[in-house]
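# Fold and geometry: a report
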Amino acid sequence: MSPQFAAGARVQVKNNRPETVMRLHLRTPHYVRGRQGIVLRALGRFPNPEDLAFNRPAPEKMLYHVLFEQQPVWNEGEAGDTLLVELFEHWLEPVEG
Amino acid sequence: MDTAPPPTHHDLGGNPKYRCTAVEPENPALNDFDKRVDALRVVLREKGLITTDEQRLKIESLPPEEYFGLSYYEKWLKAMAAVLVSRGIVSWEDVS
């Protein structure tokens, strides 16, 4: 399957925090949830660690490098500073425009 | 976003407590315990009894006092034991 998002696409990280309800193995850092970033590149498909951690069948999910402006996320640094995070496709939503 | 619940204790990014502290550029030398734990993990992986993600989940599930207080390989050993118990390979009585 080809990537849902192309390089340059604007995406929003889902603002879900299901780990507050049950024990999960999420690789999406809390600080980017709800944030918008730009897809830098698709990295390929990998077995989902959210399943691997529980020793159950782990369908492959597309992984991306997503670039965020650093200042709104960290509240520090200078304009132009960026933050690069590896995120799986099922955590990303398209942003119109 | 300010009303979001606090992240789980291993999800450290952005925590001011960890900003601006010096990073040790060299890894500390491994002692005999560390090497034995590392070797045990190699064996368990080769036998298909543990995966990296299962081990990480168990490390991140340690209570904060252990997560921040135990050594790197002490956490590995506890996590490896927890994976084997979760899989039903050994019992808690066996490992404690």
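Described in the following lines is the structure provided in the data block. (Residues numbered from 1 in each chain as written. Chains lettered and ligands numbered in written order. Predicted model: local features only at pLDDT ≥ 70, side-chain atom pairs only at ≥ 80, totals over all residues.)

## A closer look at the overall build of chain A
Helix and strand content of chain A: two helices and five strands. Listed by position from the N terminus, the elements making up chain A come as β-β-α-β-α-β-β. Whereas a compact globule of 97 residues would reach a radius of gyration of roughly 13 Å, chain A reaches 14 Å, a difference of no more than 12%. When the backbone C-alpha atoms are referred to their principal axes, chain A occupies close to 45 × 30 × 20 Å. Burial statistics for chain A: of 97 residues in total, 24% are counted as buried. In chain A, of all internal contacts separated by at least 6 residues, the share reaching a separation of at least 24 is 56%. (Helix = DSSP H or I, 4+ residues; strand = E, 2+ residues; numbered from the N terminus. Rg over C-alpha atoms; globule rule 2.2 N^0.38 Å. Buried ≥ 20, exposed ≤ 12 C-beta atoms within 10 Å, placed from the backbone. Contact = placed C-beta atoms within 7 Å.)

## Quick look at the environment of M1 of chain A
Residues and elements named next belong to chain A. Looking at where M1 falls in the secondary structure, it is placed in the segment before strand 1 (10-13). Judged by the 8 C-beta atoms lying within 10 Å of it, M1 falls in the exposed class. Measuring from C-alpha to C-alpha, the distance between M1 and V95 comes to 21 Å, with 94 residues separating the pair along the chain.

## Thoughts on the packing of helix 1 (residues 32-46) of chain B against helix 4 (residues 72-86) of chain B
To characterise two packed helices, one gives the angle between the axes of the helices and the distance between these axes. All names here are of chain B. With their axes 9 Å apart at the nearest point, helix 1 and helix 4 run at an angle of 35° to one another. In terms of crossing hand, the pair formed by helix 1 and helix 4 is left-handed. Residues F33, D34, V37, L40, R41 and L44 of helix 1 form the contact with helix 4, whose own contacting residues are Y73, W76, L77 and M80. Of the residues belonging to the contact of helix 1 with helix 4, the class tally is eight nonpolar, no polar and two charged. (Axes fitted to C-alpha atoms, helices over the stretch in contact; angles between N-to-C directions. Left-handed = near helix turned anticlockwise from the far one by under 90°. Nonpolar A, V, L, I, M, F, W, Y, C, P; charged D, E, K, R; others polar.)

## With respect to the pairing of strand 1 of chain A
All names here are of chain A. Across the two faces of strand 1 the burial differs, with V11 and V13 buried and R10 and Q12 not buried at all. Sheet topology places strand 1 next to strand 2 (residues 36-47); three bridges connect them, and they run antiparallel. Looking at the pairing, V11 lines up with G37 of strand 2. Bridge count between strand 1 and strand 5 (residues 92-94): three bridges; the pairing is antiparallel. Bridge assignment links Q12 to a residue of strand 5, and that residue is E93. (Pairing = 2+ DSSP bridges.)

## Section: the nonpolar core
Residue and element names in this part refer to chain A. V32, V66, F68, V85 and L87 are the most contacted members of the largest nonpolar core, which totals 16 residues. Taken together, the elements giving at least two residues each to this core come down to strand 1, strand 3 (60-69) and strand 4 (82-88). The residues touching V32, leaving out its near neighbours within four places in the chain, are V13, F68, V73 and V85. (Core = buried A, V, L, I, M, F, W, Y, C linked by C-beta atoms within 7 Å.)

## Overview of the environment of L40 of chain B
Checked against the element boundaries, L40 of chain B lands in helix 1. Taking C-alpha positions, L40 of chain B is 12 Å from L84 of chain B, a pair spaced 44 residues apart along the chain.

## As for the interface of chain A and chain B
Between chain A and chain B, the contact holds 14 residues from the first and 15 residues from the second. Residue composition of the side of chain A that touches chain B, by class: six nonpolar, five polar and three charged.

## Focus: helix 1 of chain B
All names here are of chain B. The end-to-end C-alpha distance of helix 1 is 21 Å, a good match for the 21 Å that 15 residues give at a rise of 1.5 Å each. Counting buried positions over the 15 residues of helix 1 gives zero, only a small fraction of the element. In the stretch just after helix 1, G48 is the one whose phi turns positive, near 70°. (Expected span 1.5 Å × (residues − 1).)

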